[in-house]
Amino acid sequence: MNANTPAKVLSLNNVEVVYDHVSLAIKGVSIDVPEGGMVALLGANGAGKSTTLKSISGLLIAERGEVRRGELQFLGRSIGALSPQERVRLGIAHVLEGRRVFEHLTPDENLIAASAVRGRHDTSRNKERVYSYFPRLHERRTVASGYLSGGEQQMLAIGRALMTQPKLLMLDEPSLGLAPFLVAEIFQIISRINKEEGLSVLLVEQNAVAALEIVSHGYLIESGRIVMHDTAETLKKNPDIREFYLGGAKAKSFHDIKHYSRRKRWLT
Amino acid sequence: MDWALLAESAVNGGLVGLMYSLVAMGIVLIYKSSSVPNLAQGAMTMLGAYVVLAFANNAKAPIWLAIILAIVTMFGVGMAIERVALRRLAGRPIIMILMMTLGLEILLRAGSMTIWGGTGRPMPIGISDDPLFLGPLLINRTYAVGAAVAVAMFALFVLFFRTRMGVVLRAISDDYTAAWSVGISVERGVALSWAMSAVVATIAGVLWASVQGVDQSLAQLLLKGVTVAVLGGLDSIGGALLAGILLGIVEGVAASFLDPLLGGASRDLVDAAMLILTIMVRPHGLFGRHDIERI
Amino acid sequence: MLFRQAGIFHTNYAADRALFPISADRWMIGILLLCALAAPLLVNSLYVSSYLLPWLVWTAGALGLNLILGWAGQFHLGYAAVMGIGAYATVHATRAGIPWEIAIVLGGATASIIGIGFAFAALRVKGLYLALSTLALQFVMDWVISHVPAISGGTQATLQAPDIRLLGWPVTSDAGLYYVALIWCVMVTSFMLNLRRTALGRALIAVREKDFAAAVIGVNSFYFKLVAFSTSSFIGGVTGAILIGTFYHAVTPEQFSVDVSIQALAMVIVGGLGSIIGSYFGAAFILLMPGAMNTFISWAATQFGFSFSIETLAHLPQALYGALIIAFLLIEPLGLGKIYSNIRDYLLVWPFGYVKK
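Residues numbered from 1 in each chain as written. Chains lettered and ligands numbered in written order. Predicted model: local features only at pLDDT ≥ 70, side-chain atom pairs only at ≥ 80, totals over all residues.

This part is about the overall build of chain C. The number of helices and strands found in chain C is 15 helices and four strands. The C-alpha atoms of chain C give a radius of gyration of 21 Å, which matches the 21 Å a tight globule of 357 residues would have. Across chain C, the fraction of contacts at a sequence separation of at least 24, relative to all contacts at a separation of at least 6, is 75%. (Helix = DSSP H or I, 4+ residues; strand = E, 2+ residues; numbered from the N terminus. Rg over C-alpha atoms; globule rule 2.2 N^0.38 Å. Contact = placed C-beta atoms within 7 Å.)

A word on the overall build of chain A. Along chain A, the regular secondary structure elements total eleven helices and ten strands. Per-residue burial for chain A yields a buried fraction of 44% across its 268 residues. (Buried ≥ 20, exposed ≤ 12 C-beta atoms within 10 Å, placed from the backbone.)

What follows concerns the interface of chain A and chain B. Facing 23 residues of chain A, the contacting portion of chain B comprises 18 residues. For the side of chain A that touches chain B, the elements supplying multiple residues, two or more each, are α2 (84–90), α3 (107–113) and α6 (150–162) of chain A. Ranked by residue count, the leading element in the side of chain A that touches chain B is α2(A), at four residues. Taken together, the residues of the side of chain A that touches chain B sort by class into 13 nonpolar, five polar and five charged. (Nonpolar A, V, L, I, M, F, W, Y, C, P; charged D, E, K, R; others polar.)

Turning to the sheet that holds strand β4 (residues 65–74) of chain A, a few remarks are in order. All names here are of chain A. Overall, antiparallel pairing links the four strands, which are arranged β2-β1-β4-β5 in an open sheet. Every other strand in the sheet has two partners, leaving β2 (23–34) and β5 (77–78) as the edge strands with one partner each. Relative to β2, strand β1 (residues 8–19) is paired through eight bridges, and the arrangement is antiparallel. Each bridged residue has a counterpart across the sheet, and for Leu12 the counterpart in β2 is Ile31. (Pairing = 2+ DSSP bridges.)

What follows covers the interface of chain C and chain B. Listed per partner, the contact involves 34 residues of chain C and 36 residues of chain B. With 13 residues, helix α14 (residues 310–331) of chain C is the largest single contributor of residues to the side of chain C that touches chain B. For the side of chain C that touches chain B, a count of residues per class yields 23 nonpolar, eight polar and three charged.

Our focus in this paragraph is the nonpolar core. Within the largest apolar cluster, 283 residues are counted, with the highest numbers of intra-cluster contacts made by A:Ala113, A:Leu203 and C:Ala181. With 17 residues, the single largest contributor to this core is helix α8 (residues 186–212) of chain B. Leave out the neighbours within four places in its chain, and A:Ala113 touches A:Phe102, A:Leu105, B:Val167, B:Val168, B:Ala171, B:Val182 and B:Ile184. (Core = buried A, V, L, I, M, F, W, Y, C linked by C-beta atoms within 7 Å.)

Looking now at the pairing of strand β8 (residues 200–205) of chain A. All names here are of chain A. With six of six residues buried, β8 lies mostly within the body of the structure. Residues of β8 alternate between two faces, with Ser200, Leu202 and Val204 on one and Val201, Leu203 and Glu205 on the opposite face, all of them buried. Bridge count for strand β3 (residues 38–43) against β8 is five bridges, and the pairing is parallel. Bridge pairing links Ala40 to Leu203 in β8. Bridge count between strand β7 (residues 168–172) and β8: five bridges; the pairing is parallel. By the bridge assignment for β8, Leu171 is matched with Leu203. Where the polypeptide runs from β7 across helix α7 (residues 180–197) and back to β8, its parallel neighbour, the crossover connection is right-handed. (Right-handed = clockwise from strand over helix to strand, strands pointing away.)

Time to look at the arrangement of the chains. By contact count, the leading pair among the two pairs of chains in contact is chains B and C. You won't find any contact between chain A and chain C; their C-alpha atoms come no closer than 12 Å.

Before going further, it helps to examine unusual backbone geometry. Residues and elements named next belong to chain A. Not every positive phi belongs to a glycine, and Arg99 is a case in point at roughly 70 degrees. By secondary structure assignment, the location of Arg99 is in the loop between β6 (92–95) and α3. With 26 C-beta atoms counted inside 10 Å, the residue Arg99 sits in the buried group. Non-glycine residue Ser223 carries a positive phi angle of around 45 degrees. Relative to the helices and strands, Ser223 is located in the loop between β9 (217–222) and β10 (225–231). Classification of Ser223 as partly exposed rests on a count of 14 C-beta atoms within 10 Å.

Time to look at the packing of helix α1 (residues 3–34) of chain B against helix α9 (residues 221–232) of chain B. Residue and element names in this part refer to chain B. Put simply, α1 and α9 touch, their axes get as near as 8 Å, and they point 70 degrees apart. What the angle tells us is that α1 and α9 run roughly perpendicular. The element α1 and its partner α9 pack so that their crossing is right-handed. Here α1 contributes Tyr20, Ser21, Val23, Ala24, Ile27 and Val28 to the contact with α9, which in turn contributes Leu221, Lys224, Gly225, Val226, Val228, Ala229 and Gly232. Of the residues that constitute the contact of α1 with α9, the class distribution is nine nonpolar, three polar and one charged. (Axes fitted to C-alpha atoms, helices over the stretch in contact; angles between N-to-C directions. Parallel < 35°, antiparallel > 145°, perpendicular 65-115°, else oblique. Left-handed = near helix turned anticlockwise from the far one by under 90°.)

Over its 22 residues, helix α8 (residues 174–195) of chain C runs 32 Å from end to end, which matches the ideal 32 Å to within 8%, given 1.5 Å per residue. Along α8(C), the positions that sit buried rather than exposed are C:Leu177, C:Tyr178, C:Tyr179, C:Val180, C:Ala181, C:Leu182, C:Trp184, C:Cys185, C:Val188 and C:Met192. (Expected span 1.5 Å × (residues − 1).)

A separate point is the sheet that holds β6(A). Residue and element names in this part refer to chain A. Strand order in the open sheet made by the six strands is β6-β7-β8-β3-β9-β10, with mixed pairing throughout. A single partner strand is all that each edge strand has here, and the edge strands are β6 and β10. Here the average twist between neighbouring strands, direction ignored, is 15 degrees.

What follows covers the environment of C:Ala266. Residues and elements named next belong to chain C. Its place among the elements puts Ala266 in helix α12 (residues 258–271). Note on Ala266: 25 C-beta atoms within 10 Å, which makes it buried. Here the alpha-carbon distance between Ala266 and Phe328, two residues 62 residues apart in the chain, equals 10.0 Å. Apart from residues lying up to four places away in sequence, Ala266 is in contact with Ile286 and Ile325.

With that settled, consider the environment of C:Ser45. All names here are of chain C. Within the secondary structure, Ser45 is located in helix α3 (residues 45–71). Expressed as a C-alpha distance, the spacing of Ser45 and Ala175, which sit 130 residues apart in the sequence, is 7.5 Å. Discounting chain neighbours no more than four positions away, the residues touching Ser45 are Pro40 and Asp174.

Residue and element names in this part refer to chain B. Between its first and last C-alpha atoms helix α5 (residues 141–160) spans 28 Å; for 20 residues at 1.5 Å apiece the expected length is 28 Å, and the two agree. Among all positions of α5, only Thr142, Tyr143, Gly146, Ala147, Ala150, Met153, Phe154 and Phe157 are buried. Taken around the axis of α5, the buried residues stretch over an arc of 135 degrees, which confines them to a single face. Opposite the buried face of α5, by more than 90 degrees, sit the exposed residues Ala148, Ala152, Ala155 and Leu159. (Arc of directions from axis to C-beta.)

The analysis is restricted to geometry; functional conclusions fall outside its scope.
Below is the structure:
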């Protein structure tokens, strides 16, 4: 959209995902994540946010989905045919929705398990780095992760992703089920990681208020299509976004809601 | 009541039970790293014993070399089973997976019969038949060796599950998708668990074959293995060890009581009863994870 | 060509809920039934008694197992034991002088009552654990049958079955026995076909898909699991009795061992879970395969100059049988029934391919 776009870490071009050979989940999705940038992908339940992330990390195979059309490029390289672990090795880390820590393992073991694609000597250094971002994990490193609190589990999930030494960190609803102050804390850590390590971040969120505070750009996805793309500042001012995702506008009659879909601009 | 006889059948029963644990450990290994219940473990045990004999008799290798060669071969067989049969079934309903392991059971059992024939053959591994004397008790030497091997394997696996690779396998059993998301090669982990389980099956096969000879009945160790594995908790190696001892003692003592009453062969009945009781009363076994009840 | 449809256009509910909404299907069923009735006249009696008859009986058995496995979604690794209970109960009842017609119902009822024992396992556990506990129950049944002389019939463990008498008429001819099997198979098939259209059938499917979800919409999953197990056990028990009465003529414990349970399971899996026509295909496939294999192997042996030992010949069909189960699970997990319905779907509107959804 801008003339002088910085180098892209990730670019999706016209991606279409189909589950089980029949059900179309996303269609014509195009997303760019600039190097060292932070981009949010916003949308309601079932809009196709998680599917988009899974198409990038290759986890669609676990759910019998496939990318039927379009191109996925990571650092200028097409990754469509790679297995999930090859993508992780290239530097794509996906923090799954709902945390999904290895419950019967301790945080320490979680981090060790997550360094399967990296060498043994990297592991201890990475572990120290993770513990420096999340000191609370260090305190609780010998407890079974299933017993950690929701916030701690989310930290562990992010830490686990950092163990793979990613160049792109994709977070699927890190705010899910967390208290607002924890959301703030986690988002603050994410943007710290982004600044200190130059790590690009693709953030999927329903919590648009929190997400738009820390990202530079945002995409809005609805019913499997990208319907809006702009800088975070502009998005925050957009009346439709304010009304439907930020909850800022005053109450309206449902009669007027219809006009939103008329005004909506299909990007593809 | 003859207390010495009772004690003897209890001790020997415990030792036999540890040999059951060897079969159960193979089942637990696979379940622990992929949540697949392997009903082909008995057939794998039998195949292992036949492969040892094939190396010893046909290739004229000394028995220790034959065992090592068989272990290497079975490692490959385990990998191959995962690659060919199970990889494509990941994520399918459990009935398909169960049926697949049943199909494997039939294929491996009948396949070995096809190649090597059904007549029983001895497995001479050089353990003498003379009993060991432990005070007033007579103890079968092979059982004692088998029990020692079982304990050694247990120690080995407990150590293994603390290594990096072991942690990775445990992670896989916790959550396939999350394991994929951090770059763990789930397929390779599961293949490794099948391979290790095939190795354990070979060792169990050799020991059991030296007790009862090499024939089709080795495959029937499956019932014992499943009972021990479920009683111990399907994902607990230590549970398999303790449950083995427990089942062995119960079986030994019960058999010495019940056999005269019921006209022999009450061991299988005791096994089946233990299995049903365990599932009805405590499905997750002695040490299993509680959540495994919901599949 | 065959079906001459260009889509399905029902104009009222009765047409939509008909058993066979397409007239070509009705024609085919009719012709098949006529062929089945005329079979003893058309086909050599050896084929009738050694292929057609066991096929029909086993199809009924596979349908009964399919009820519990494919419809209610509950594992059953001990189906042969249930069939055995029915068979033994019937044989003992007829030997005690009870007419055969009543004896098979008694046999079915006995199987049904003991089958509910399996159901109680199903109420407590699911999935893998249910499979293992039914397997254990199979072992217990095997043991009881072979170790209690009053049941197994003494040291030889073989019990002669009295000849079947229907309404006082002895049925001994091959054709007569075949008709008994045919009637039973048709009865079970029409029961299963109609089950799909009843509240019971829908409730069973709800329980299969998610039993607690079914429970929260008011389907008493406890009750329906019980019904499913007892109905399927009844079918199994009667099938076992008919298998003995028409085919084996004597009953031994090995006829209902754990291997037979697996064989029945294989019929359902190969045929297709929940598929009625699949049960026919599956039973035929599993029954005919060993014979076909043997023929093929001996043909191949003479053709290519192999020579197999007797032991190899005895076990090779079994090994191939295992391999086929694996192949089916890998290639078409929904079995022959699915392959049939794919072909049928294609032919249904042929040559008007474009009317397909």
